[in-house]
Amino acid sequence: AKKITVSGYADKGTGKATINAKYAQQRAEKVAKSLQEKGIAADRMTVNSYGDTVQPFAENDRNRCVIVVGE
C-alpha cells in the first residue's frame, strides 16, 4: 500500500459528542504513531477522526475503534 488512511471512531451510546470526538482522535493518533514506530512514513498516512458521527458497526461497543485502510 502506498497510502494509508487511519480513521478513529467513538460509540454514540455513551458520552457527549465533544468528548467522543476527542477519544476518536486520540485512538487514531495512537494507531498512526504505532504504525510509524513500525516503519511506515508519516507522509504516507492520513489520520481522520469521525467521533460518534459515523457508526461503522451495528453493535454500539464495537464503534470504539480505529479502521486502517491501505490503498
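Everything here concerns the structure above.
Now for a quick tour of the structure.

Cut-offs and rules
Residues numbered from 1 in each chain as written. Predicted model: local features only at pLDDT ≥ 70, side-chain atom pairs only at ≥ 80, totals over all residues. Heavy atoms only, no water. Pairing = 2+ DSSP bridges. Helix = DSSP H or I, 4+ residues; strand = E, 2+ residues; numbered from the N terminus. Axes fitted to C-alpha atoms, helices over the stretch in contact; angles between N-to-C directions. Contact = heavy atoms within 4.5 Å. Expected span 1.5 Å × (residues − 1). Buried < 20%, exposed > 50% of the residue type's maximum accessible area, 1.4 Å probe, protein only. Arc of directions from axis to C-beta.

1. Brief notes about the sheet that holds strand 1 (residues 4-8)
Strand pairing in a sheet is mediated by backbone hydrogen bonds. Such pairs are either parallel or antiparallel. Read from one edge of the open sheet, 3 strands run 2-1-3, paired in mixed fashion. Single-partner strands in this sheet number two, and they are strand 2 (45-49) and strand 3 (66-70). Along the sheet, successive strands turn relative to each other by an average axial angle of 15°, direction set aside. One ladder, built from 5 bridges, connects strand 1 with strand 3; its direction is antiparallel. Each residue of the ladder has a partner; that of Gly8, found in strand 3, is Val66. Those strands touched by helix 1 (residues 17-37) are strand 1, strand 2 and strand 3, and its axis lies near 160° from that of strand 2.

2. Quick look at helix 1
With 21 residues, helix 1 should reach 30 Å at 1.5 Å per residue; the first-to-last C-alpha distance of 30 Å fits that figure. For helix 1, every residue scored as buried is listed here: Asn20, Ala24, Ala28, Ala32 and Leu35. Buried residues of helix 1 fall within an arc of 105° about the axis and therefore sit on the same side. Across from the buried face of helix 1, at angles greater than 90 degrees, the exposed residues are Thr18, Lys30, Lys33 and Glu37. Those residues of helix 1 hidden inside the fold are in contact with strand 1, strand 2 and strand 3. Looking one or two residues past helix 1, Gly39 carries a phi angle of roughly 110°, positive in sign.

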